[in-house]
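# Overview (structure and organization)
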Amino acid sequence: MELHFVYCVGVCRLSVKKAAPAKKGKAAKDPNKPKRPPSAFFVFMEEFREEFKRKHPNSKGVAVVGKAGGDKWRSFSDAEKAPYIQKAEKRKGDYEKALKSYNKKLAEGPKDDEEEESDRSKSEVNDEEDDDEGSEEEDDD
């Protein structure tokens, strides 16, 4: 528990702050893991956003588009929602296949004969070496 004193004129207050509990960091996300598929509503919103932007080119607010899309989705009957639900289910099937493949690769582990390349390309590494050599020459002067 920490006590903080504040210099003030008039009414003074003493503030007490409790120490925050230690936060556990989130596990790092694997960039190779397949992205979860969108729901039927988000499949609908992909098309609705384009249509809305064509009709309202001056409207820049994300909330405005979301609210209009939500209102239209709620007004749809089950028959009108069916094509979006079908597209979402297809994407879900594709996702499940990709996830199985991803999990299989994780279970196998990295292969010994397959080297992982560094994030930097060879040209970037060579550029840095050239820069280092050039700076040594300048230091000799």
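Residues numbered from 1 in each chain as written. Predicted model: local features only at pLDDT ≥ 70, side-chain atom pairs only at ≥ 80, totals over all residues. Heavy atoms only, no water.

## Quick look at the overall build of the chain
Within the chain, the regular secondary structure consists of 4 helices and 2 strands. The N-to-C order of helical and strand elements in the chain reads β-β-α-α-α-α. Among the 141 residues that make up the chain, the fraction classed as buried is 12%. Look at the contacts in the chain between residues 6 or more apart in sequence, and 57% of them connect residues 24 or more apart. Entry remark: accessible area of the chain is about 13200 Å², with carbon and sulfur atoms responsible for 51%. (Helix = DSSP H or I, 4+ residues; strand = E, 2+ residues; numbered from the N terminus. Buried < 20%, exposed > 50% of the residue type's maximum accessible area, 1.4 Å probe, protein only. Contact = heavy atoms within 4.5 Å. Areas by Shrake-Rupley, 256 points an atom, 1.4 Å probe, with all protein chains shown as cover.)

## Details of the confidence of the model for the chain
Overall, the predicted model of the chain reaches an average pLDDT of 78, with 62% of residues at or above 70. Scored below 50 in pLDDT, residues 113–118 shows 1 contact in the model against residues more than four places distant or in partner chains. (pLDDT = per-residue confidence, 0-100.)

## Description of the pattern of salt bridges
Overall, the coordinates contain 6 salt bridges when judged by the stated rule. A salt bridge links Glu46 to Arg91; the shortest N-O distance between them is 3.0 Å. Separated by 45 residues along the polypeptide, Glu46 in helix H1 (residues 40–55) and Arg91 in helix H3 (residues 78–108) bring together distant segments of the chain. By relative accessible area, which is 33% here, Glu46 ends up partly exposed. Its salt-bridge partner being Asp71, residue Arg74 comes within 2.8 Å of it at the nearest N-O pair. Taken as a pair, Arg74 and Asp71 lie in helix H2 (residues 62–75) at a separation of 3 residues, close to a single helical turn. Residue classification places Asp71 among the partly exposed positions, given a relative accessible area of 38%. (Salt bridge = Lys/Arg side-chain N within 4 Å of Asp/Glu carboxyl O.)

## Focus: the packing of H1 against H2
Relative orientation of the contacting elements H1 and H2 amounts to 120°, with a least axis distance of 10 Å. Between H1 and H2, the angle is such that the two are oblique. Judged by the sense of rotation from one axis to the other, the crossing of H1 with H2 is right-handed. Each of Ala40, Phe41, Phe44, Met45, Phe48, Arg49, Glu51 and Phe52 in H1 lies in contact with H2, whose residues at this interface are Val64, Val65, Gly66, Ala68, Gly69, Gly70, Lys72 and Trp73. Here the residues of the contact of H1 with H2 are counted per class, giving 10 nonpolar, 3 polar and 3 charged. (Axes fitted to C-alpha atoms, helices over the stretch in contact; angles between N-to-C directions. Parallel < 35°, antiparallel > 145°, perpendicular 65-115°, else oblique. Left-handed = near helix turned anticlockwise from the far one by under 90°. Nonpolar A, V, L, I, M, F, W, Y, C, P; charged D, E, K, R; others polar.)

## Description of the nonpolar core
Among the nonpolar cores identified, the biggest contains 11 residues, and these are Ala40, Val43, Phe44, Met45, Phe48, Phe52, Val65, Trp73, Phe76, Tyr84 and Ala88. Of all the secondary-structure elements, those providing two or more residues to this core are H1, H2 and H3. Per element, the largest residue contribution to this core is 6 residues, and it comes from H1. With residues up to four places along the chain from it excluded, the contact list for Phe76 reads Phe44, Lys81 and Tyr84. (Core = buried A, V, L, I, M, F, W, Y, C linked by side-chain atoms within 4.5 Å.)

## Topic: the packing of aromatic side chains
A full pass over the atoms with the stated rule returns 11 aromatic pairs. An angle of 70° between the planes, with centres 5.8 Å apart, marks the rings of Phe41 and Trp73 as edge-to-face. Here Phe41 is found in helix H1, whereas its partner Trp73 is found in helix H2, with 32 residues between them in sequence. According to the relative accessible area criterion, Phe41 is partly exposed, its value standing at 23%. For the pair Trp73 and Phe76, a centre-to-centre distance of 6.1 Å together with 55° between the ring planes defines the contact as tilted. (Phe/Tyr/Trp six-rings, centres within 6.5 Å; stacked < 30°, edge-to-face > 60°.)

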